[in-house]
Structure formats: C-alpha cells, structure tokens
Amino acid sequence: MKRVFSGVQPSGSLTIGNYLGALRHFTRLQYEADCYFCVVDLHALTVPQDPEELYQNTLNTARLFVACGVDPKQATIFVQSHVPAHTTLSWLMECNTYYGELRRMTQFKDKAAKHDVVTAGLFTYPALMAADILLYQTDEVPVGEDQRQHLELTRDIAMRMNNRFGPLFKVPEPYIAPKTAGGRIMSLQNPAEKMSKSSDDPRSYIALLDPPDVVRKKIRSAVTDSGREIRYDPEEKPALSNLLVIYSLATGESIDSLEERYRNSGYGQFKADLAEAVVELLAPIQERFRELSEPGVIENILAEGADRAERVAAETLARVQAAMGLVPRHAAAVSSSRQETRAPSSIT
Ligand code: ATP
Ligand code: LTN
C-alpha cells in the first residue's frame, strides 16, 4: 500500500488556503494509502511563538484535521515532538545537506525578511522537513505549491544518502494541485502573496474557525481589481481570479459556469454569494470541531497516533544510524546491526 505523509504547522489558526491546498486531499488519500498526518510543532518554533498559543494551536490543528474529515482509524494523526526520531534524523540530514542548498530556499528568504531575528532553526528547517518525510518511507506528499522547492530538496537529500550509504529511503513524489484547484490560494488583501495563517493582518485570510459574520466581513473587504467584469484572468485580474477559485472549490461549480452566471452582476453580488458559499463550507467543520473540543478526545487520538508513528520511524532511524557508522547503545544490537551493514574489514 502506498504511504503518504504531510505536515501542517500550528503557527496560527488554519485557513481555507490550508484546507483547499492540503487538508482536503488528506481526507481522500486516507482511503487509498497508509497516511501519516503530522502537526509539525517543531517547525513552528523556527519563528517566535507564544508558548500558550503554540500549545492551543497544536491541539486545535489536530482537531481541525479530524473536523475536516481525517478519520483517526483510517490515518495516523500525531504531533511531531512526540516522536523524537524526527529531530534525531534531522541532524543526520543536516550533515548531508549543503549550506548553498539551504541558502537558496525561497521560503527562508521570505520569512527571514519578515522577522528582525533569524534563527538557525529557520535556516535548517528543510532538513527537518526531509527527516519528517523520509522517516516514513513516504511515496507521496500532498502539499500546496509553496512547498515544491522543499520537496525537491528532500528528494535530493534522499538520493544523495542512498548513493552514499546504500538504499535507506524511498524517494518521495510531491502531490501538488494546480493553482485553479487550490494549490496556491492568495491573500485577500494582496493577491501577489499567498494566504498565510501567520500573517499579521487577519483580513488577509479566512480561518476555518472564523464565525459567519467575520467571513462575510473579510470577503466584503477583500481587494478587487479595476473594472466590473467577473472573469478568470490571473494576469489582469489576480484578486478576482483568486476569489473565483475559492468560490469554485467551495461549491464544486466550475469557474466557466461561475463566469457565465455572474456575467451581468457586479462585484457586490458576487462577493455576497461567495461569502455564503464559504460560510456553508465551514459550518460542518466548525460543528465537528466543537465536538472534538471535549477534554481528552484529541489527546487520546494523538497518543495512539504517536505510538503508531514511532514504530515506523524507529525502524528507519535505526537503519540510517547503523549505515552511517553510529554504534548502537546495546552491545547485543551492535553485533547484529554490524552484520546487516558494512563492517570495516579490520574488525570482522
Ligand atoms: P505559515 O503562515 O506559518 O507559514 P501556512 O499557512 O503557510 O503557515 P503551513 O502550515 O506552512 O501553512 O502549511 C500547511 C499546508 O497548507 C502545506 O501543505 C502548505 O503548502 C499548504 N498551504 C499553506 N498555505 C496555502 C495556500 N495559501 N494555498 C494552498 N495551500 C497552502
Ligand atoms: N514545511 C511545511 C510543513 C511541513 C511539511 C512536512 C509538509 C513540515 N514537514 C513534511 C509536508 C511534509 C510548510 O511550511 N507548509
């Protein structure tokens, strides 16, 4: 069975960008693959986080996985820091990743420009992401378009280490929807920037937990382009095209059909209808989220998920450590693991 892995940072409240670009695919893939969906709390720490907010965001992100339709019986849902193999493998990845490669990462450049203080963690973050994915012998990684470059680097590191130390990792494939299918939802305030849950301006995103009136207000104040025509044209009308993509994905109606239906309407009517479509999309998610907020419910799901994840992760980690020449802690394991991999001829 195919293996799927993906991660979401608890760096704020999940947005419709996260849902349309990633989570919506999780719910489908869980029926055709062995899926691991991880709340990557250690990634969120690469930029300053308020500890109390991080704590709540971590639990809420996991709750939203389930509220959006991920079934904990079907897929493994867990928190990254609960499985220490991620950080252990990350160091081994860092020692096989080049400074020049990390320096080229556009997400690093963008985020570094937005923060006064740039941590070492923000710089080495793609090595931790590679560890997340490679630990699970992943075939496919469903992510938004913004993660393409990190996925390419993950593949390069996997191939490099396989060449150097023998076959250790599956080389994963990205699963990225085209832009018209939600691969890159843009900010409601600046259509040149992607919608991002950690933005300082809450008007730029719609959070999955935004109440109906907030959704309506944010859509009403979304920027639009000059002219009155409702037309999909990402070059000339980037803001409206983004709204059309959201509308189409929220309702299942094609962009062509929406253009036809709003041929004689202005932006006002279009936005009012879009707001209702988004409110309707979010209502069942918010309802399930409330049920999952009962004490202990998500905590139990995460505890079970961490156990399942740990078993798979430990196997890969032990193989990598042995192949790289690290001596295992227990003497009995030393002899057996050396036999499985190459041992220097002077020892054997
Ligand atoms: P941050 O603002 O902290 O960088 P983010 O909102 O970009 O966070 P992540 O946790 O980094 O979200 O991403 C979770 C998943 O959602 C990833 O697969 C990412 O590619 C996808 N994603 C994030 N933003 C968008 C977007 N605007 N459109 C489509 N997919 C997105
Ligand atoms: N870097 C991703 C989050 C992330 C991830 C992963 C996604 C961390 N580890 C592994 C897929 C697979 C982001 O910023 N969206």
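Here the structure is a predicted model, which is why all the values come from computation and not from measurement.

What counts, and where the lines are drawn
- Residues numbered from 1 in each chain as written.
- Chains lettered and ligands numbered in written order.
- Predicted model: local features only at pLDDT ≥ 70, side-chain atom pairs only at ≥ 80, totals over all residues.
- Heavy atoms only, no water.
- Salt bridge = Lys/Arg side-chain N within 4 Å of Asp/Glu carboxyl O.
- Buried < 20%, exposed > 50% of the residue type's maximum accessible area, 1.4 Å probe, protein only.
- Helix = DSSP H or I, 4+ residues; strand = E, 2+ residues; numbered from the N terminus.
- Core = buried A, V, L, I, M, F, W, Y, C linked by side-chain atoms within 4.5 Å.
- Contact = heavy atoms within 4.5 Å.
- Pairing = 2+ DSSP bridges.
- Near = heavy atom within 4 Å.
- Polar contact = N/O pair within 3.5 Å; in protein donor to acceptor, adjacent residues only side chain to side chain.
- Phe/Tyr/Trp six-rings, centres within 6.5 Å; stacked < 30°, edge-to-face > 60°.

(A) Representation of the pattern of salt bridges in the model. Applying the stated criterion to the full structure yields 18 salt bridges. In this structure, arginine 203 engages aspartate 201 in a salt bridge whose closest nitrogen and oxygen atoms are separated by 3.1 Å. You can call arginine 203 partly exposed: its relative accessible area is 43%. For aspartate 201, a relative accessible area of 25% translates into the label partly exposed. A salt bridge links glutamate 287 to arginine 290, with the nearest nitrogen and oxygen atoms 3.3 Å apart. Residue glutamate 287 and its partner arginine 290 are located together in helix 12 (residues 267–292), separated by 3 residues, close to a single helical turn. Among the charged side chains, a salt-bridge network with shared partners connects Lys2, Glu32 and Glu140.

(B) Just the nonpolar core, in detail. Residues Phe65, Phe270 and Leu282 are the most contacted members of the largest nonpolar core, which totals 62 residues. Among the elements that make up this core, the one with the highest residue count is helix 12 (12 residues). Discounting chain neighbours no more than four positions away, the residues touching phenylalanine 270 are Ile230, Leu240, Leu243, Leu244, Tyr247 and Tyr262. Formed by 44 residues, the second largest nonpolar core is a distinct cluster that contains Val47, Ala112, Ile133 and Leu135.

(C) Representation of the pairing of strand 3 (residues 76–79) in the model. Burial along strand 3 is two-sided: the residues Thr76 and Phe78 and Ile77 and Val79 are all buried. Note that strand 2 (residues 34–39) and strand 3 share 4 bridges and pair parallel. Looking at strand 3, one finds that tyrosine 36 is bridged to threonine 76.

(D) Looking closely at the side chain of asparagine 57. Considering the arrangement of structural elements, one finds asparagine 57 in helix 3 (residues 51–67). Each residue touching asparagine 57, except ones within four places of it in the same chain, is listed here: Pro10, Ser11 and Gly12.

(E) A look at the site of ligand 1. What surrounds ligand 1 is a group of 21 residues, the closest being Ser11, Asp146, Lys194, Ser196 and Ser198. In the environment of ligand 1, an oxygen atom lies 2.8 Å from a nitrogen or oxygen atom belonging to the backbone of glutamine 9. Interatomic distance of 2.6 Å between a side-chain N/O atom of serine 11 and an oxygen atom of ligand 1. Tallying contributions element by element places helix 1 (residues 16–29) first for the shell around ligand 1, with 4 residues.

(F) Seen up close, the packing of aromatic side chains. One pass over the structure, following the stated rule, counts 11 aromatic pairs. Geometrically, the ring pair formed by tyrosine 262 and phenylalanine 270 is edge-to-face, given 5.3 Å between the ring centres and 90 degrees between the ring planes. Under the relative-accessibility criterion, tyrosine 262 is labelled buried at 2%. In this structure phenylalanine 270 comes out as buried when scored by relative accessible area, which is 0%. Through a chain of ring-to-ring contacts, the aromatic side chains of Phe5, Tyr36, Phe78 and Tyr136 assemble into a single cluster.

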